[in-house]
Amino acid sequence: MKNLLLLLHLLSITFVRSQSDTEIFLFDIDATQEKPVLNNKRNISQNKGYDNQPQFLADNVIIYAGTREGQTEIIQYTRGTSKQFNISTQGGEYSPQFMMGKRGISAVRLDPDGLQRLYHYLPRKTETPTLVKDAVVAYYTWDDKNTIVGADIVENNLHLVIHHFDSKEKEDLKIAVGRSFHKIPETPLVSFIDKTSQPWMVKSIDPATKKMKNIIPLDEGVEDINWLPDGRLLAAKGNTIYVKEKNNWKVFYSFTDTALQDITRFAIAPSGNQIAIVSTISQPKSE
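Residues numbered from 1 in each chain as written. Predicted model: local features only at pLDDT ≥ 70, side-chain atom pairs only at ≥ 80, totals over all residues. Heavy atoms only, no water.

Draft legend 1. Inspection of the overall build of the protein at higher detail. Summing up its helical and strand segments, the protein has one helix and 24 strands in all. A globule of 287 residues ought to have a C-alpha radius of gyration of about 19 Å, and the protein, at 18 Å, matches this closely. If you line up the protein on its principal axes, its C-alpha atoms span 50 × 50 × 35 Å. A total of 287 residues make up the protein; the buried ones form 50% of that total. Counted over contacts in the protein with a minimum sequence separation of 6, partners at least 24 positions apart contribute 40%. (Helix = DSSP H or I, 4+ residues; strand = E, 2+ residues; numbered from the N terminus. Rg over C-alpha atoms; globule rule 2.2 N^0.38 Å. Buried < 20%, exposed > 50% of the residue type's maximum accessible area, 1.4 Å probe, protein only. Contact = heavy atoms within 4.5 Å.)

Right, dumping it as structure tokens:
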């Protein structure tokens, strides 16, 4: 069985070989003007290769998956300083997330033997307890301290799956989904992208009841969404961040910066005053 994260890892190597890489840029969001302004740009990764999947722990504190010495690790950026969060393992770490109600970070680890599991990491600790042993978790978000909602690899497809750590049970809802999962502010709901419909549909799910609702269709090719703390939904495509207004998408902010023409992922600070944006960077070819 081909492993999706292995494929993504190979793709990241391919990007490097084709003279491109991903970088993470941090901006302040100024919402005091008529239209939002993103300013004070900082490249917080500044590293050739794969730097992706950012998540805020607090304002100016971000964790992400970053390549170091040919291997993907959990990197923590804190107010201008970056350091490796985890003690290096033989595998590569992806999808780092703050563990709701618990200490430490969860991350998907892809080991050299192809084993892919969700693990628990603490700083400067060599032990990495396994959180999910009997499933191949690819992407996820924490709903509460005992529950994650995300995408598991099932027969080479991504299925919507809920994992319950208190009961050690999982619920495969057999819905083809994308990679973007987020708690919806001030609700018990989680958003996800349903790929069984055309066009793809942003939906919400109540993990307790499994009740789902349509939120808004996506434009073709949009893979990443996220929420501002005030409940507004954002989506990224190309060089533009869009915002949902009623049943339509409107431009939130477009970049003219050449480094921000291929946005892949983005994350919002808890305060709503900062945004971390991942973009593919084309490098000039060496002669």
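Read on, since the account is not over.
Draft legend 2. Region of the structure containing the pattern of salt bridges. Per the counting criterion, the structure on display carries 10 salt bridges. K183 is paired through a salt bridge with D143; the nearest N and O atoms lie 3.0 Å apart. With K183 in strand β15 (residues 182-183) and D143 in strand β11 (residues 137-144), this pair connects stretches of sequence that are 40 residues apart. On the accessibility criterion, K183 (28% relative accessible area) is partly exposed. Of the residues examined, D143 reaches a relative accessible area of 11% and is grouped as buried. One salt bridge connects D224 with R179, and the closest N-O pair in it is separated by 2.6 Å. In this pair, D224 is assigned in strand β19 (residues 224-227) and R179 in the loop between β14 (169-176) and β15, connecting sequence segments 45 residues apart. A residue is classified by how much of its surface remains accessible, and D224, at 6% relative accessible area, is buried. Here R179 falls in the partly exposed class, since its relative accessible area comes to 24%. (Salt bridge = Lys/Arg side-chain N within 4 Å of Asp/Glu carboxyl O.)

Draft legend 3. Spotlight on the sheet that holds strand β8 (residues 105-110). Pairing within the open sheet is antiparallel, and its four strands lie in the order β7-β8-β9-β10. Each having just a single partner strand, β7 (92-98) and β10 (130-132) make up the two edges of the open sheet. Each strand axis lies, on average, 35° off the axis of its neighbour in the sheet, ignoring direction. (Pairing = 2+ DSSP bridges. Axes fitted to C-alpha atoms, helices over the stretch in contact; angles between N-to-C directions.)

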